[in-house]
Amino acid sequence: MTVEVDYLHTSRRPQFADLPADVRALLAEVAGSPVASARPSVTSGFTGAFAALLDLADGRRVFAKAAGPAAPHARVAIPQEALVLGRLERFEGRLTAPALVGAAGLEDWQVVVVEAIDGRMPGVPWTDAEVDVVHDACLRLAAVPPEDVAALTPSSLAADVGGDEVALTTLDELAAGRRDWPESVPPVRPELMREVARLGHLARRLLEGDRLVHCDLRPDNLLLDTAGQVRIVDWNWVTRGPAWTDFVSLWPLMARDGIDVDRLCRESPLTQDTEPEAIDAFLAVLAGYLLSHAGNPAPPATLNAIRDHQRLLGRLCLDLLAQRRGWAG
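For clarity, every value in this text was computed on a predicted model and none was experimentally measured.

S.K.: Could you give me a rundown of the sheet that holds strand E5 (residues 109-115), with the residues and numbers involved?
M.R.: The strand order across the open sheet built from five strands is E1-E2-E3-E5-E4, with neighbouring strands paired in antiparallel fashion. Each edge of the sheet is formed by a strand with only one pairing partner; in this case those strands are strand E1 (35-38) and strand E4 (100-106). Ignoring which end each strand starts from, the neighbouring axes of this sheet average 25 degrees apart. Where E1 lies against strand E2 (residues 50-56), three bridges are found, and the strand directions are antiparallel. Its bridge partner being in E2, Val35 is matched across the sheet by Leu56. Helix H1 (residues 21-31) contacts E1, E2, strand E3 (61-67), E4 and E5 of the sheet and is inclined by roughly 150 degrees relative to E4. Lying over the sheet, helix H2 (residues 72-88) contacts E3, E4 and E5, oriented at roughly 40 degrees with respect to E5.

S.K.: Outline the packing of aromatic side chains, listing residues and values.
M.R.: One pass over the structure, following the stated rule, counts three aromatic pairs. Look at Phe16 and Phe50: their rings are 6.0 Å apart centre to centre, the planes differ by 50 degrees, and that puts the pair in the tilted class. Highlighted residues: Phe16 in the segment before H1 and Phe50 in strand E2, separated in sequence by 34 residues. There is no split in this pair, since Phe16 and Phe50 are both buried. Measuring from ring centre to ring centre gives 5.7 Å for Trp244 and Phe282, while their planes differ by 80 degrees; the resulting arrangement is edge-to-face. Of the two residues, Trp244 sits in the loop between strand E10 (239-241) and helix H9 (245-249) while Phe282 sits in helix H12 (residues 276-293), which places them 38 residues apart along the sequence.

S.K.: Tell me what's going on with the sheet that holds strand E6 (residues 119-120), and back it up with residues and numbers.
M.R.: Here we have three strands laid out as an open sheet, ordered E6-E8-E9, and antiparallel in their pairing. Edge positions in the open sheet fall to E6 and strand E9 (230-232), since each of these has one partner strand only. As paired strands, strand E8 (residues 222-225) and E9 are joined by three bridges and run antiparallel to one another. Among the inter-strand pairings, Leu224 is bridged to a residue of E9, identified as Val230. Strands E6, E8 and E9 of the sheet are contacted by helix H3 (residues 128-142), whose axis makes an angle of about 50 degrees with E9.

S.K.: Before we move on, can you summarise the nonpolar core with the specific residues and values?
M.R.: Within the largest apolar cluster, 91 residues are counted, with the highest numbers of intra-cluster contacts made by Leu88, Trp126, Leu212, Trp235, Phe247, Trp251 and Met254. Look past the residues within four positions of Met254 in its chain and what remains in contact with it is Trp126, Val131, Phe247, Ile259, Val261 and Leu264. With 17 residues, the next largest nonpolar core counts Phe16, Val30, Leu54 and Val62 among its residues.

S.K.: An account of the environment of Pro40 is needed here, citing residue identities and associated values.
M.R.: Along the chain, Pro40 turns up in the loop between E1 and E2. On the basis of relative accessibility, which here comes to 63%, the residue Pro40 falls in the exposed class. Between the C-alpha atom of Pro40 and that of Trp327, which follows or precedes it by 287 residues, the distance is 46 Å. Other than its neighbours up to four places away in sequence, Pro40 contacts Gln15 and Ala52.

S.K.: Provide a residue-level description of the packing of H12 against helix H13 (residues 305-324), including the pertinent values.
M.R.: Look at H12 against H13: their axes get within 8 Å of each other, and the N-to-C directions meet at 150 degrees. Viewed along their axes, H12 and H13 adopt a mutual orientation that is roughly antiparallel. For the element pair H12 and H13, the recorded crossing hand is left-handed. Contacts between H12 and H13 pair Pro276, Ile279, Asp280, Leu283, Ala284, Leu286, Ala287, Leu290, Leu291 and His293 from the former with Arg307, Gln310, Leu313, Gly314, Cys317, Leu318, Leu320, Leu321 and Arg324 from the latter. Here the residues of the contact of H12 with H13 are counted per class, giving 13 nonpolar, three polar and three charged.

Reading the values: the criteria
- Residues numbered from 1 in each chain as written.
- Predicted model: local features only at pLDDT ≥ 70, side-chain atom pairs only at ≥ 80, totals over all residues.
- Heavy atoms only, no water.
- Pairing = 2+ DSSP bridges.
- Helix = DSSP H or I, 4+ residues; strand = E, 2+ residues; numbered from the N terminus.
- Axes fitted to C-alpha atoms, helices over the stretch in contact; angles between N-to-C directions.
- Contact = heavy atoms within 4.5 Å.
- Phe/Tyr/Trp six-rings, centres within 6.5 Å; stacked < 30°, edge-to-face > 60°.
- Buried < 20%, exposed > 50% of the residue type's maximum accessible area, 1.4 Å probe, protein only.
- Core = buried A, V, L, I, M, F, W, Y, C linked by side-chain atoms within 4.5 Å.
- Parallel < 35°, antiparallel > 145°, perpendicular 65-115°, else oblique.
- Left-handed = near helix turned anticlockwise from the far one by under 90°.
- Nonpolar A, V, L, I, M, F, W, Y, C, P; charged D, E, K, R; others polar.

Fair warning: the whole summary comes from geometry, so function is off the table for now.
Dropping the structure here:
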């Protein structure tokens, strides 16, 4: 059975009133004004942390997140996001990211407050117009000078993704028939899966780069604002790599919705001069990462939607790889 994901409804989060009183007070302190009212928590994203718009007594509106012991993944991600947003303030690439208002910790809680962005999630389904504005946002990230990117993060996409041993082992085991395919992911023929594994092992070399990579672009991490521009949110895993990888990471979902990604590849300045095997190696290792986690229990405070997402996107990566290499049909 094919798994589909409604990216507008993938989480169940606490409301503002559910937070401990001292955490609510900390959010007001970080925001710089008492909280007059709180909107309902968003239902997108995959963590169970608090995330909602707050109306402040001074008339401002902000977006706030808070994570405690029940959401350990988010509790680690929130201070990392605050660090990255603070550093992005001085880069031209920050034009895609929300402005940081402030962040703080309190015992076993972490909070962050950022600019409120009026907008909607693109990609439900993808349209050509939405693809164009997302492409423009990725071009702005690619324009951040390498020396600024190096000052922002020491992380490397080649090492962290291309060299992910769990992902690569998953590809090898699927190719050798030593691992069961996740539910709803059709098995790839062994001879083709061996080629997928070969490509995955090329990723570490082919994903070297010095450009700014968000490294977690999904529909729920994008907002199409009222000015018609795409804003990128959730900057937890920023790294350095080729300028094309963020845009290409969206191609499997775009292709599923009928977008001509072959045309995008030919015409985009991000990819038109990129070695095709580098894109294929990225899709292969990304599939390995997604499928390596797809059968695991959902992490604490998350819904099983995260596993549905991994099964869906892993399958779509393989589908796009098959299309690009002439295996389809």
